[in-house]
Every structure is written in C-alpha cells, then in structure tokens.
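Coordinate inspection notes
Chain residues, written in single-letter form:
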Amino acid sequence: MSSSSTGQCHSTAAAAHSASESLITADNSGNKAQSPALRAQTPVKLRASSPAFKPSPIKNRKPSSVASASSSQLRLAPAFTPRQQPRPRQLDEQRAEGGTKGHAQVLPAFESMSVGSDGCVERPPGPINEEFFMKTLPAHTGQPPYMLPANHFAVDEQLRRVLVRETHAMSSVGESDLPAQVHSYHSLSPQETVDVFGASFPIRQHQIKAQSIADGRCYSLHRITGTQPASKSALGAIDKWKAVQSPSIAQVYEAFTTRAFGDNSLVIVHELKPLAASLKSQLVDARAQVSEAFLWSLVLQLISALRTVHSAGLAVQTLSVSTILLSPTNRVYLNSCGLADVLALRGSLNMDAAQQGDLQAVGHVLSAILGTSAENYIAVQGQAPVVVPGAGFSPDFKELFGYLNHRLTPVVAIDDILRLAGSRVFVELDAARRESDLLCDNLRLELSNGRLVRLLCKINFITERADSVMDPEWAETGDRYLIKLFRDYVFHLVNEAGKPVASMAHVVGNLNKLDAGSPEKVMLMSRDEKSCLVVSYEEVKRCVEEAYQELVAPTRR
C-alpha cells in the first residue's frame, strides 16, 4: 500500500470521526451521554459477551508483546489529521449569466427547476420516498480547523440528489391500464403524451417507460396509435438511425408494430432520459421566462445534434417544442428521430429541403418560447402581432433570430449560426468541461468505496466457522484467533459502564488502518479479560490475508 493510499484512508477515517463527534446520544436515565471524543479519554475495556467464554491457545504465534489487562487499558483511537484534498470544481457560472432584468437566468447544472412566482423555470421533484435520500452530512461540527468536515469526503449534495431522483424515476412504475408486457419490454409506466407535427395533421405520440427483458435497462417507448409503417420495408429505415449517436440525441434502438395495446400501434424505442420533459410542457405551457444565455445554449445544443444528423444523410423533420427534451441539468435532447422515416412523412421532399426544414424549425422553437412573454411581440398595422426579441436581448441574438426565421436570407447554414454565436460557443464548451470535471472529482471520491466491504467479507469468512469440512477449531487457533480478537475490538467494544460503544469513527478508523497495514500498535483483549496481545495493524492484515488464502485454497475444499 502506497503512502498516498494510507493518507487517503486516514483522511476518510478522520471525516467519519469528526462526524461521529457531533452526535450526542441520551442514556436510559435521560441524561446526555458523552460524545465519542470525550469517551476516548476514558479507559474502554473489551469484555466478554459470555462469562463462560474460554480462549483457545494461540499456536504458532509470536506476538510483539504481552501485557496484563490490569496494567494497560484500551482506548479509542485518536482523531487523525486529514490531508487536504482539492474541492470539486463548480459548474461554469457563465451559463447562469447573460440574462437581463426580468428574465430567469440559466439554471446551473444539478439544480431543480420549477415555475415560481417570478416566472423562473423550475422542476418539481415529484413524490419520492425519503428512503432514497441519505442523511445530509453536517458541513461543520465545531471541529478544529485542521479537520475537514465530513461532507468534504462525500459526493456533491446537489449531484447526489439529482442522481437519486433519476434512479427513483427509472425504477418506479406508475399505476395504469397498460399491458404487462409489450414485445420484449415489461413494467410499462406512462410518461408524457405529445403531438408531433411533421405532416398535414398532428400525430399523437404516447411516451411510455419500460424495462427490457434482454438487458434489464429502462427505455422510452414512443407509441403511435392506429398507425402502420408506410410500407413493409419502412421499419428498416430505423436502422440508419441506430448508428446516429450524439450527446444531444435520445438514441434510437428499434421499431416494431404490436397489437398488445388493443389496436395497431407503431412503437419506436428510444433512450430514456429520466426527469427530462418536453420544452412545451416546461416552458411554453408554463409560460416561463428564460434568459438569453439559456436560449443561446439551447440553440447550440440543437445545432450540434442537427449537424450529426445531417452528416449522416438524414433529417429529423419533426423538430418542435413537443419533441425536444429538457433535463434538470439544462441538457437538450432530440426525442422523436426516425418517426418521419418510418411513416414516410417527407413524401416527395428531397433531403436538402428536409434538412433546411430542420434548421428553420430551430427558429420556430425560439419563436414559441419567446411568445410566452408579451414584451416580445410587436404590432404590425393590418397584420397579426409578430414575435421579435424584446429590448432586453442583445443585437447578436436578434440577428440570430432573424436569420433562423428567414428574415435575412432564404438559406440557413450551420456554419453561419456558429459565426453568429461567436465566443458563446466557448462558454458552452467550458460549461461542459467543468461539468465533466465535477463528475470526475465526485467519481474519484467513490473510486475505492468497496475496500472496507471486501475487508469485512474476508474477516467474516474466517471468524467462528462451524462447518464440518474443516477443523472445528480452525477459526479459534493460531492467527485466526487473533483475527477474532481484532473483530471483537472493532465491533464489540464497551465502556466502563458496560454499555456498547457504537462509534462509526472507531470502526472506520481501525478498518482503514488495517487495510493500509499501519505499523501502529493496538491492544487486543480476550473476552474473559485474562490476557491481551499488543500487535500492529500490519501483522493483523498479514494474518487476515494468510487465513483467507488458506480458506479458499483448493486443498481445503
């Protein structure tokens, strides 16, 4: 074990110790008991759980030293000084800038969204069991300045809550009259129903969350009722979309027809984006006011997705506020790709014209979002009011809006849109990289969270085995008896009053020392308190590894 790993283990133990110091429990008499830090100053003995316990002799063992129980008493391990670790980087604050007074700023990633009294975009968390949330670690518990708070070693709180909500959204199944299984998908749960505009009439699309029998993952089934593919080979058109992959596209997996719903239904399977909903339901219907920075981010993400689609020789043709998803982290996804190809909605329209229609649809999306505010309308004599960005928007955005709505040129090109965006492309790129850094920093905290579990499994595999295949006294002799005493020292500690010491700091600290193989000494006492051993964590670790290898060796089976 390297020195850096040892330092990280000590830091983790210190965080747990500082967290436990803040806890004050009450005893049976109603008086407040001392904190673990105060109890550490009081001698603590390891007592037998059974008076009749008699230790077995230790064979082939030369301890570092032997002491009498009356001359030395056990104490809780002192707090460690944690090593400073870099704080996770925050998300790009520039994404939250650029709006004008009266407009909601772009919501930073990992924040919930809703529509409040000020018209800002919000996202209600929805009903969720509190069991899915861990207790929030205290930010500061009055410990010395050199000790970092416990939440310094945990995942970012906002990120954790979003991930928990996403997990809950993917695992929950709502009550409905949907069939138990459709094709190779089960646990169907209704989500959002939208109208897709790609032909002379709107197409009603029901989005259903379902779990695959093949791989156990959750997918989004887009069901179009009373519709069949344009031809027998039309379903094969979905194969082209399977190869289209973009961070801003809900990937297409397959398409099939079914009568499981009681009618002829076409189903297209897409990647599930938990907690994401259409722009129509979140912005247009809610008449939410958004900032210019949010609209620039929206346009750049849509253009990125369309660039990938057009490079593959395809066209979306159904782009609208109903088919664009917005996640709680302000991520945008195209959500109905492939539908126009299966239903042959393009007709005789050539591919170049269809791709131009996709770029024009971006302008229509901006018009629908800006149309929720009266200040973005201007009156034209003898005509209906026209949507135009208000006075609070920059000249660059007004030029972009006019360009996408064919007020400057009849042909729209992606390169021209990027030219109009200018340095805002770097703002979006920086935001994505900062978000990646945040995720990597939090992942690094959880990189070795299984070390103590593996160590506990090995200890419990060894101690107090009663199977008939091996020597009944195998677990009670030699190095195995030492492991048993260490297990008792870690988990069965009691104070002078005979009450159990349930200190997580004591457990985590000693297990981290054991995993690191620390040369620090520890005193282990038998249950009858007649003998004790003084050994190092390094020696105990060697005993655990040797006993475990002996246990799993083929000759022992």
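For the structure, see preceding data.
Residues numbered from 1 in each chain as written. Predicted model: local features only at pLDDT ≥ 70, side-chain atom pairs only at ≥ 80, totals over all residues. Heavy atoms only, no water.

The secondary structure content of the chain amounts to 15 helices and 14 strands. The contacts in the chain between residues at least 6 apart in sequence include a share of 67% that link residues at least 24 apart. About 27600 Å² of surface is accessible on the chain, with carbon and sulfur atoms providing 53% of the total. (Helix = DSSP H or I, 4+ residues; strand = E, 2+ residues; numbered from the N terminus. Contact = heavy atoms within 4.5 Å. Areas by Shrake-Rupley, 256 points an atom, 1.4 Å probe, with all protein chains shown as cover.)

As a further point, take the sheet that holds strand S2 (residues 181–182). If you walk across this open sheet you meet the 6 strands as S2-S3-S4-S5-S7-S6, and the pairing is antiparallel. Each having just a single partner strand, S2 and strand S6 (252–258) make up the two edges of the open sheet. Pairing geometry for S2 and strand S3 (residues 185–196), over 2 bridges, is antiparallel. Bridge pairing in S3 places Gln181 opposite His186. (Pairing = 2+ DSSP bridges.)

Before going further, it helps to spend a moment on unusual backbone geometry. We note that His183 has phi near 55°; this positive angle belongs to a residue other than glycine. With respect to the helices and strands, His183 occurs in the loop between S2 and S3. The phi dihedral of Leu275 is positive, around 70°, even though this residue is not glycine. Within the element layout of this structure, Leu275 appears in the loop between strand S7 (265–271) and strand S8 (277–278). Look at Leu275 and you get partly exposed, because its relative accessible area is 27%. (Buried < 20%, exposed > 50% of the residue type's maximum accessible area, 1.4 Å probe, protein only.)

To continue, consider the side chain of His310. With respect to the helices and strands, the residue His310 is situated in helix H6 (residues 292–311). His310 sits in the buried class, given a relative accessible area of 14%. A polar contact is formed between the side chain of His310 and the side chain of Asp358, at a distance of 3.1 Å. Contact partners of His310, with chain neighbours within four places excluded, come to Ala315, Gln355, Asp358, Leu359 and Ile414. (Polar contact = N/O pair within 3.5 Å; in protein donor to acceptor, adjacent residues only side chain to side chain.)

Let's shift gears to the layout of surface pockets. There is about 940 Å³ of room inside the second largest pocket. Around the second largest pocket sit 34 residues that line it, and Pro247, Ser248, Gln301, Arg331 and Tyr333 are the ones nearest its centre. Counting residues per element, the ones that place at least two in the lining of the second largest pocket are helix H3 (157–171), H6, helix H10 (414–421) and helix H11 (424–445). For the lining of the second largest pocket, the element with the most residues is H11, which contributes 7 residues. Considering only residue class, the lining of the second largest pocket consists of 18 nonpolar, 7 polar and 9 charged. (1 Å grid on protein atoms, 1.4 Å probe; cavity = no way out; pocket = protein on both sides within 12 Å on 5 of 7 lines; lining within 4 Å. Points joined across faces, edges and corners; volume = space filled by probe spheres on them. Nonpolar A, V, L, I, M, F, W, Y, C, P; charged D, E, K, R; others polar.)

Below, the discussion takes up the pattern of salt bridges. In this structure the tally under the stated criterion is 20 salt bridges. Here Glu157 and Arg161 are joined by a salt bridge, their closest N and O atoms 3.0 Å apart. With Glu157 and Arg161 both in helix H3, this residue pair falls 4 residues apart, about one helical turn. Sharing partners across several salt bridges, the network here consists of Glu464, Glu476, Lys484, Arg487, Asp488 and Arg527. (Salt bridge = Lys/Arg side-chain N within 4 Å of Asp/Glu carboxyl O.)

Adjacent in sequence and paired antiparallel, S2 and S3 are bridged by 2 residues, among which His183 carries a positive phi angle near 55°. Pairing geometry for S3 and strand S4 (residues 203–212), over 8 bridges, is antiparallel. Paired with His186 across the strands is Gln211, a residue of S4.

Now for the packing of aromatic side chains. Considering all chains together, one arrives at 8 aromatic pairs under this definition. With a centroid separation of 6.4 Å and an interplanar angle of 10°, the aromatic rings of Tyr185 and Phe256 are classed as stacked. Of this pair, Tyr185 sits in strand S3 while Phe256 sits in strand S6; the two residues are 71 residues apart in sequence, bridging distant segments of the chain. For the ring pair Phe486 and Tyr537, a centre distance of 6.1 Å and an interplane angle of 90° mean the geometry is edge-to-face. Remark: Tyr537 occurs in helix H15 (residues 537–552) and Phe486 occurs in helix H13 (residues 478–491); sequence separation between them is 51 residues. The pair formed by Phe486 and Tyr537 is uniform in burial state, with each residue classed as buried. An aromatic cluster of at least three residues, connected via ring pairs, comprises Tyr185, Tyr219, Tyr253 and Phe256. In this arrangement the basic side chain of Lys458 is found over the ring face of Tyr548, its NZ or CZ atom lying 5.3 Å from the centre. (Phe/Tyr/Trp six-rings, centres within 6.5 Å; stacked < 30°, edge-to-face > 60°. Lys NZ or Arg CZ within 6 Å of the ring centre and 35° of its normal.)

Our next topic: the packing of helix H14 (residues 504–516) against H15. Orientation of H14 relative to H15, taken along the N-to-C sense of each, is 70°, at an axis distance of 7 Å. Here H15 runs roughly perpendicular to H14, going by the angle between their axes. Here H14 contributes Asn510, Lys513, Leu514, Asp515 and Ala516 to the contact with H15, which in turn contributes Tyr537, Val540 and Lys541. By residue class, the composition of the contact of H14 with H15 is 4 nonpolar, 1 polar and 3 charged. (Axes fitted to C-alpha atoms, helices over the stretch in contact; angles between N-to-C directions. Parallel < 35°, antiparallel > 145°, perpendicular 65-115°, else oblique.)

A word on the pairing of S7. When you tally the buried positions in S7, you get 6 out of 7 residues, the bulk of the element. Sheet topology note: the strand S5 (residues 218–225)/S7 ladder contains 7 bridges and is antiparallel. Residue pairing in the sheet places Tyr219 in a bridge with Glu271 of S7. Linking two consecutive strands that pair antiparallel, namely S6 and S7, is a turn of 6 residues; a positive phi of about 95° is found at Gly262 within it.

What follows covers the sheet that holds strand S10 (residues 332–334). Taken in spatial order, the 3 strands line up as S8-S9-S10 in an open sheet, and their pairing is antiparallel. Each end of this open sheet is capped by a strand with a single partner; those strands are S8 and S10. Contacting strand S9 (324–326) and S10, H6 crosses the sheet at an angle of about 35° to S10.

Further remarks concern the nonpolar core. Formed by 61 residues in total, the largest nonpolar core has its most connected members in Leu279, Leu295, Leu298 and Leu334. It is H6 that provides the largest number of residues to this core, a total of 11 residues. By size, the runner-up hydrophobic cluster in this structure holds 29 residues, among which are Ile462, Leu485, Val540 and Cys543. (Core = buried A, V, L, I, M, F, W, Y, C linked by side-chain atoms within 4.5 Å.)

Time to look at the packing of helix H12 (residues 451–462) against H14. In contact at an axis separation of 10 Å, H12 and H14 are set at 85° when each is read in the N-to-C sense. Taken together, the axes of H12 and H14 lie roughly perpendicular to each other. Where H12 abuts H14, its residues Arg451, Leu452, Leu455, Leu456 and Ile459 lie against Val508, Leu511, Asn512, Leu514 and Asp515. Residues of the contact of H12 with H14, tallied by class, amount to 7 nonpolar, 1 polar and 2 charged.

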